[in-house]
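An overview of the molecular structure
Chain by chain, the residues:
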Amino acid sequence: MNKTNTRYTVIGAGNGGKAMAAHLAIMGFDVTLYNRTSENIAAIQARGGITLESQDPAGPRGFGRLARVTSDMKVAIENCEIVMIVTPAYAHYDIARKAAPFLQSGQVVVLNPGRTLGAIEFKRVLDQEGCQNGVIVAETQTFIYASRSDGPTQARIFRIKDAVPLAALPATKTSIVLGKLASAYPQFIDGGDVLQTGINNIGAIFHPTISILNAGWIEATNGGFQFYLDGVTPTVARLMEVLDRERVTVASAVGVRAKTAREWLKMAYNADGDNLHDAIHNHPGYRGINAPPTLTHRYITEDIPMSLVPIASLGNHYGVSVRGMESIIRLACIAHQTDYWRRGRTLERMGIKHLSVSELTRYVTGRSTHQMPIHARHPKLAPISVTRVEQAREVNRQRLLEEESLAEDNVNLSENTISNNPL
């Protein structure tokens, strides 16, 4: 795809959004930056762009001049072919609702990242809002940049990941998305489907568990300790391994071969060890990363409802014990005096609660006669699935056979009674 003909819109002007918008502009793309709060982008709008620096001497740097900077969703969506959403996952629902009236056929929406089952939630909201015109929704497994904001109009990239799995919903559309993104991001690779990208979300295990189990230390020191190296003691690591086994088992229950946390550390960072504690402590990249200064941090407020809750919800629905996950979720609910189950991505909220494993697989892969589950296409209808319909038909068939058999028995009984008791 020709850079000069490709128009991107980046939704979100936080650390990641600013880095992505600047980098895309420096690469020569037409870029619109959207943020819902106009005050947060006033300086960028006045200057016309963002200055980008890189920690790597060979990394991208320079002034990324933006085509548009706006807080008007209509302007943002109508001036692009590819929408890159770079916000916390708990904002996905609201963004989908606001963008739905303006999205058009042929446009691509990518959640960077989707956390767990973000694309399913986003697509369901679009459908509920009446946006059924062929927009492709995809998600990445993780964010491609390690970045931060250095000022109102400055951003810095520490590292660009070599490979980032991406999947569209359904997976039959993934190759289309990868083709459209290739000129900007050759690092995106086929992630299989959104079950694979979502359940392989290692942050769901690492972030909330370490934060909750170090709550006292975080509050006492305002995060003045190394999150992974000091916060992951042998006991904390053993508890993390329990949650990780639950995650891998949930994945297996829905037909996904998930990587264990240790396998992921080996793949991503070549960090190895006899157990998860040793593997984490053998990763030099974790050195110097401090804990969050407060428990009101995305490691809990985002990763509990948008990562851990959907995995636990899958486990509960498909018969997998997830007591470890439920314990961490419950502690987070108590700590923040909120119901993360109600706020989170449960299967009911995403409209997939009554799908069997085979139906869910067909939905995310695209190998189905229906583009959406029945109740997702018609939200006012009672949730029902093809399997349940077939089961109901079989029950009714058996009942009719029993009634016919009973009727025949009654007829025979009547005939015998008449013959034994002639008038």
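Residues numbered from 1 in each chain as written. Predicted model: local features only at pLDDT ≥ 70, side-chain atom pairs only at ≥ 80, totals over all residues. Heavy atoms only, no water.

As a further point, take the overall build of the protein. Looking only at helices and strands, one finds 20 helices and 12 strands in the protein. A total of 423 residues make up the protein; the buried ones form 50% of that total. Residue pairs at least 24 apart in sequence account for 71% of intrachain contacts in the protein once pairs closer than 6 positions are excluded. When the accessible area of the protein is evaluated, it comes to approximately 19,300 Å², of which 50% is carbon and sulfur surface. (Helix = DSSP H or I, 4+ residues; strand = E, 2+ residues; numbered from the N terminus. Buried < 20%, exposed > 50% of the residue type's maximum accessible area, 1.4 Å probe, protein only. Contact = heavy atoms within 4.5 Å. Areas by Shrake-Rupley, 256 points an atom, 1.4 Å probe, with all protein chains shown as cover.)

Going residue by residue along strand β7 (residues 108-111), you find Val108 and Val110 tucked away on one face and Val109 and Leu111 tucked away on the opposite face as well. For the crossover that starts at β7, traverses helix α5 (residues 118-128) and ends in the parallel strand β8 (residues 136-140), the hand is right-handed. (Right-handed = clockwise from strand over helix to strand, strands pointing away.)

Here the focus is the pattern of salt bridges. Tallying each qualifying case throughout the model produces 13 salt bridges. Of the charged contacts, one joins Glu302 and Arg115 as a salt bridge, the two residues approaching to 3.2 Å between their closest N and O atoms. With Glu302 in the loop between α13 (298-301) and α14 (303-317) and Arg115 in the loop between β7 and α5, this pair connects stretches of sequence that are 187 residues apart. Summarising the burial analysis for this pair, Glu302 and Arg115 share the class buried. Between Glu121 and Arg345 there is a salt bridge, with its nearest N and O atoms 2.8 Å apart. Remark: Arg345 occurs in the loop between α16 (340-343) and α17 (347-350) and Glu121 occurs in helix α5; sequence separation between them is 224 residues. (Salt bridge = Lys/Arg side-chain N within 4 Å of Asp/Glu carboxyl O.)

Ordered by their spatial adjacency, four strands build an open sheet running β4-β3-β10-β9, and the pairing between neighbours is mixed. A single partner strand is all that each edge strand has here, and the edge strands are β4 (62-65) and β9 (145-151). Taken over all neighbouring pairs, the strand axes of this sheet differ in orientation by 30° on average, direction set aside. Both strand β3 (residues 49-54) and β4 contribute to a ladder of four bridges, which runs antiparallel. Among the inter-strand pairings, Thr51 is bridged to a residue of β4, identified as Phe63. Packing against the sheet, helix α1 (residues 15-26) makes contact with β3, β4, β9 and β10 (154-160), and its axis sits at approximately 95° to β9. (Pairing = 2+ DSSP bridges. Axes fitted to C-alpha atoms, helices over the stretch in contact; angles between N-to-C directions.)

Pro113 follows Asn112 through a cis peptide bond whose omega is -5°. Note on placement: Pro113 falls in the loop between β7 and α5. Not every positive phi belongs to a glycine, and Leu117 is a case in point at roughly 65°. With respect to the helices and strands, the residue Leu117 is situated in the loop between β7 and α5. Positive phi outside glycine occurs at Gln337, with the angle close to 50°. Locating Gln337 in the fold gives a position in the loop between α15 (323-336) and α16.

The subject of this paragraph is the packing of helix α8 (residues 203-213) against α15. Their axes nearest at 10 Å, the elements α8 and α15 cross at an angle of 55°. When the axis of α8 is compared with that of α15, the two are oblique. Read as a crossing pair, α8 and α15 show a hand that is left-handed. Mapping the contact onto sequence places Ile205, Pro208, Thr209 and Ile212 in α8 and Met325, Ile328, Leu331 and Ala332 in α15. (Parallel < 35°, antiparallel > 145°, perpendicular 65-115°, else oblique. Left-handed = near helix turned anticlockwise from the far one by under 90°.)

The element α5 is extensively covered by neighbouring structure, given that 10 of its 11 residues are classed as buried. Among the residues of α5, Gly118, Ala119, Ile120, Glu121, Phe122, Lys123, Arg124, Val125, Leu126 and Asp127 are the ones counted as buried. One or two residues past the end of α5 sits Gly130, with phi positive at roughly 85°.

Turning next to the packing of aromatic side chains. The geometry of two aromatic rings is summed up by the distance between their centres and the angle between their planes. Tallied over the full model, the rule gives 10 aromatic pairs. Ring plane angle 85° and centroid distance 5.0 Å describe the contact between Phe227 and Tyr228, whose orientation is recorded as edge-to-face. Looking at Phe227, the relative accessible area reads 0%, which means it is buried. On the accessibility criterion, Tyr228 (6% relative accessible area) is buried. Taken together, the aromatic side chains of Phe206, Phe227, Tyr228, Trp264, Tyr286 and Tyr299 make up a single cluster linked through ring pairs. (Phe/Tyr/Trp six-rings, centres within 6.5 Å; stacked < 30°, edge-to-face > 60°.)

Attention now goes to the sheet that holds strand β5 (residues 68-70). On the basis of which strands lie adjacent, the open sheet formed by eight strands has the order β5-β2-β1-β6-β7-β8-β11-β12 and mixed pairing. Each of the sheet's edge strands pairs with one partner strand only, and the pair in question is β5 and β12 (188-190). Strand-to-strand twist of the sheet, defined as the mean angle between neighbouring strand axes without regard to direction, takes the value 25°. Here strand β1 (residues 7-11) runs beside strand β6 (residues 82-85); their pairing, made up of four bridges, is parallel. When the sheet's bridge partners are listed, Ile11 is paired in β6 with Ile85.

As a further point, take the confidence of the model for the protein. Looking at the protein, pLDDT values average 88 and 86% of them are 70 or higher. Throughout residues 369-397 the model reports pLDDT below 50, and contacts reaching past four residues in sequence, or to other chains, amount to 35 contacts. Below pLDDT 50 for its whole length, residues 413-423 participates in zero contacts with residues either more than four positions away or in separate chains. (pLDDT = per-residue confidence, 0-100.)

All right, on to the packing of α8 against α14 then. Packing of α8 against α14 brings their axes to within 9 Å, and their N-to-C directions diverge by 125°. In terms of orientation, α8 and α14 fall into the oblique class. Relative to α14, the crossing made by α8 is left-handed. Each of Gly203, Ala204, Ile205, His207 and Pro208 in α8 lies in contact with α14, whose residues at this interface are Asp303, Ile304, Ser307, Leu308 and Ile311. When grouped by side-chain class, the residues that make up the contact of α8 with α14 number six nonpolar, three polar and one charged. (Nonpolar A, V, L, I, M, F, W, Y, C, P; charged D, E, K, R; others polar.)

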